[in-house]
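If you want the building blocks of each chain, they are given just below.
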Amino acid sequence: MVKKNRISILLSLIFSFFSLNSASLWSQDVDSVPLLITNNSYLVGIGSANMYDTYLSPLEYKGTSIRVMNERMRRTTWFDYRFYKQQIIDLEVAKGDNPAKNASEYWVLGNYRLGGHYQFYQTNRLRLGAGGLWDIAGGVLYNERNGNNPATARAYTNLNLSAIASYRFDKFAVRWQIDTPVAGVLFSPRYGQSYYEMSLGNSVDVVNFSSFHNQRALRNYITADIPLNKYIIRVGYLGSYYQTKINSIHTHHYTHSFVIGFPMEGVKTPRKKTENLYW
């Protein structure tokens with residue numbers, strides 16, 4: 001009887017040991033799954049603007065640019081949790097004056113970007129990534145001095161190459177991102193062609209393939225995230241350079257902006273693989 005009790009106790013201890021170890025291994029496996037953190041930030045920017053469009057005027061117009069921007073970055077499960085998805089919504093308005101200060105131009109442009117980056121190198125402090133973004137934009141440039149053609153439209157869509165680097169210091173974190181378009185489609189009237197003509201059906205060559213031969217652009221974005229008590233403030237610089245040379249029309253739009261905003265973070269747990277427990 002005593003021997004049977006000893007065997008029962010021994011079996012109970014062995015069962016408990018394996019149960020605790022399997023539970024521990026399971027918890028380690030769950031804890032090792034990276035968190036899918038979403039960084040959602042709202043920013044405003046103000047700076048200088050340089051506008052030039054020979055369809056409206058042979059002169060440069062310089063003034064002020066104001067923008068409102070929403071940026072969302074989220075870690076995904078793709079490529080072993082190394083791919084970060086990015087979405088940017090950017091609305092810019094600008095006003096500039098000619099060199100004589102006797103005429104003004106007004107600019108409105110909305111831009112949407114969607115893409116992501118593969119983090120090919122990452123440590124606890126440094127992350128380096130490369131990827132691509134698709135963007136689409138539409139807006140208008142208005143010149144108050146022109147009579148027949150007072151305004152011209154802006155519309156384009158591009159595939160962009162993108163590189164990103166971030167570094168976390170003890171007290172704050174910095175990030176640097178550069179984007180440039182490789183290929184796309186843009187709208188441009190021919191020199192001297194009125195929008196009234198286009199409305200009557202004379203729209204030959206107004207939609208064009210775009211690449212380095214007729215469109216060059218660079219988006220240079222540097223930010224720093226600084227903790228302040230219970231909040232994080234994001235400050236930085238956004239330089240946007242866009243120029244085209246097509247249908248005998250030269251255009252450019254350059255801005256240098258100081259941006260400030262507040263990033264907010266949310267966590268999404270990875271979706272577990274479905275198990276059929278019925279059978």
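Nothing here was measured: the structure is a model prediction, and the numbers come from that model. For every chain, the first residue of its written sequence is number 1, and the numbers climb from 1 along that sequence. Whole-chain, interface and lining totals are the exception, using all residues; otherwise, since this is a predicted model, local features are given only for residues with pLDDT of at least 70 and side-chain atom pairs are given and counted only at 80 or more. Here the side-chain values reflect all heavy atoms present in the structure, with hydrogen atoms and water set aside.

Draft legend 1. Structural context of the pattern of salt bridges. Salt bridge criterion: a side-chain nitrogen from Lys or Arg within 4 Å of a carboxyl oxygen from Asp or Glu. Taken as a whole and judged by the stated rule, the model has ten salt bridges. Close ionic contact of Glu-92 with Arg-67 constitutes a salt bridge, the shortest N to O distance being 3.7 Å. Of this pair, Glu-92 sits in strand β3 (residues 83-97) while Arg-67 is found in strand β2 (residues 61-75), placing the two residues 25 residues apart along the sequence. The rule is simple: take the accessible area with a 1.4 Å probe, protein chains only, and divide by the maximum for that residue type; under 20% is buried, over 50% is exposed, in between is partly exposed. The exposure class of Arg-67 is buried, given its relative accessible area of 3%. Between Asp-170 and Arg-125 there is a salt bridge, with the nearest N and O atoms lying 2.6 Å from each other. Taken together, the residues Asp-170 in the loop between β6 (151-168) and β7 (173-187) and Arg-125 in the loop between β4 (104-122) and β5 (126-143) connect sequence positions 45 residues apart. Taking the relative accessible area as the measure of exposure, Asp-170 reaches 66% and is therefore exposed. According to the relative accessible area criterion, Arg-125 is partly exposed, its value standing at 34%. Three or more residues are tied together by salt bridges with common partners; here these are Glu-71, Arg-175, Asp-225 and Arg-234. The helix count covers DSSP runs of H or I at least four residues long, the strand count covers runs of E at least two residues long, and both are numbered beginning at the N terminus.

Draft legend 2. The arrangement of the confidence of the model for the chain in detail. Confidence of the predictor at the level of single residues is captured by pLDDT, which takes values from 0 to 100. Per-chain confidence: the chain averages 86 in pLDDT, with 83% of residues scoring 70 or above. Whether two residues are in contact is decided by their heavy atoms: any pair within 4.5 Å suffices. The low-confidence segment residues 14-31 (pLDDT under 50) makes zero contacts with residues lying over four places distant or belonging to another chain. Every residue in residues 274-279 scores below 50 in pLDDT, and together they form zero contacts with partners more than four places removed in sequence or on other chains.

Draft legend 3. Just the layout of surface pockets, in detail. The space that makes up the largest pocket amounts to roughly 950 Å³. When contributions to the lining of the largest pocket are tallied by element, the ones reaching two or more residues are β1 (36-53), β2, β6, β7, β9 (215-228), β10 (231-246) and β11 (249-268). Counting residues per element, the lining of the largest pocket draws most heavily on β6, at five residues. Residues are grouped as follows: Ala, Val, Leu, Ile, Met, Phe, Trp, Tyr, Cys and Pro are nonpolar; Asp, Glu, Lys and Arg are charged; every other residue, Gly included, is polar. A breakdown of the residues in the lining of the largest pocket according to their chemical character gives 15 nonpolar, seven polar and eleven charged. Each cavity reported here is a set of points on a 1 Å grid over the protein atoms alone in which a 1.4 Å probe fits but cannot get out, each pocket an open set with protein on both sides within 12 Å along at least five of seven lines, and each lining residue one with an atom within 4 Å of a point. Grid points are joined across faces, edges and corners, and a volume is the space filled by probe spheres set on the points.

Draft legend 4. The arrangement of the side chain of Ser-162 in detail. Among the structural elements, Ser-162 can be located in strand β6. Here Ser-162 falls in the buried class, since its relative accessible area comes to 6%. Distance and chemistry together define a polar contact, namely a pair of N or O atoms within 3.5 Å, with one atom able to donate a hydrogen and the other to accept it when in protein, and with adjacent residues in sequence counting only for side-chain atoms on both sides. One polar contact links Ser-162 to Gln-177, side chain to side chain, over a distance of 3.4 Å. A polar atom in the side chain of Ser-162 sits 2.5 Å from the side chain of Asp-179. Beyond its immediate stretch of four places on either side in the chain, Ser-162 contacts His-117, Ala-130, Gly-131, Gly-132, Leu-133, Gln-177, Ile-178 and Asp-179.

Draft legend 5. How the structure looks around the pairing of β9. Note on pairing: DSSP must find at least two bridges between two strands before they are called paired. One ladder, built from seven bridges, connects β7 with β9; its direction is antiparallel. The partner of Val-174 across the bridge, within β9, is Ala-224. Two strands pair when backbone bridges link them, and β9 and β10 are joined in this way by 14 bridges, in the antiparallel orientation. In the strand pairing of β10, Arg-216 is matched with Gln-243. Between the end of β9 and the start of β10, which pair antiparallel, lie two residues, with Asn-229 showing a positive phi angle near 60°.

Draft legend 6. Fine view of the environment of His-250. The topology assignment puts His-250 in strand β11. Overall, His-250 belongs to the partly exposed group, its relative accessible area being 35%. In this structure, the C-alpha to C-alpha distance between His-250 and Asp-53, residues 197 residues apart in sequence, is 5.9 Å. Sequence-distant contacts of His-250, that is, excluding residues within four places in its chain, are made with Tyr-52, Asp-53, Thr-54, Thr-244 and Lys-245.

Draft legend 7. Examining empty space enclosed by the protein more closely. Within the structure shown, the criterion is met by two cavities of 30 Å³ or more. The computed volume of the largest cavity comes to approximately 320 Å³. Around the largest cavity, the lining is made up of 24 residues, and of these Leu-109, Asn-111, Arg-113, Tyr-156 and Ser-240 lie nearest the centre. Contributions of two or more residues to the lining of the largest cavity are made by β3, β4, β6, β7, β9, β10 and β11. The element that contributes the greatest number of residues to the lining of the largest cavity is β4, accounting for five residues. Across the lining of the largest cavity, the residue classes break down as nine nonpolar, eight polar and seven charged.

Draft legend 8. Looking closely at the nonpolar core. We define the nonpolar core as a collection of buried residues of types Ala, Val, Leu, Ile, Met, Phe, Trp, Tyr and Cys that are connected through side-chain atoms lying within 4.5 Å of one another. Of all hydrophobic cores here, the largest spans 17 residues; its most connected members are Met-51, Trp-107 and Tyr-156. Residue assignment for this core shows that the elements contributing at least two residues are β1, β4, β5 and β10. If sequence neighbours within four positions are ignored, Trp-107 has contacts with Met-51, Glu-92, Val-93, Ala-94, Val-140, Leu-141, Arg-154 and His-253. One finds Leu-43, Tyr-221, Leu-238 and Val-259 within the second-largest nonpolar core, a separate group that totals six residues.

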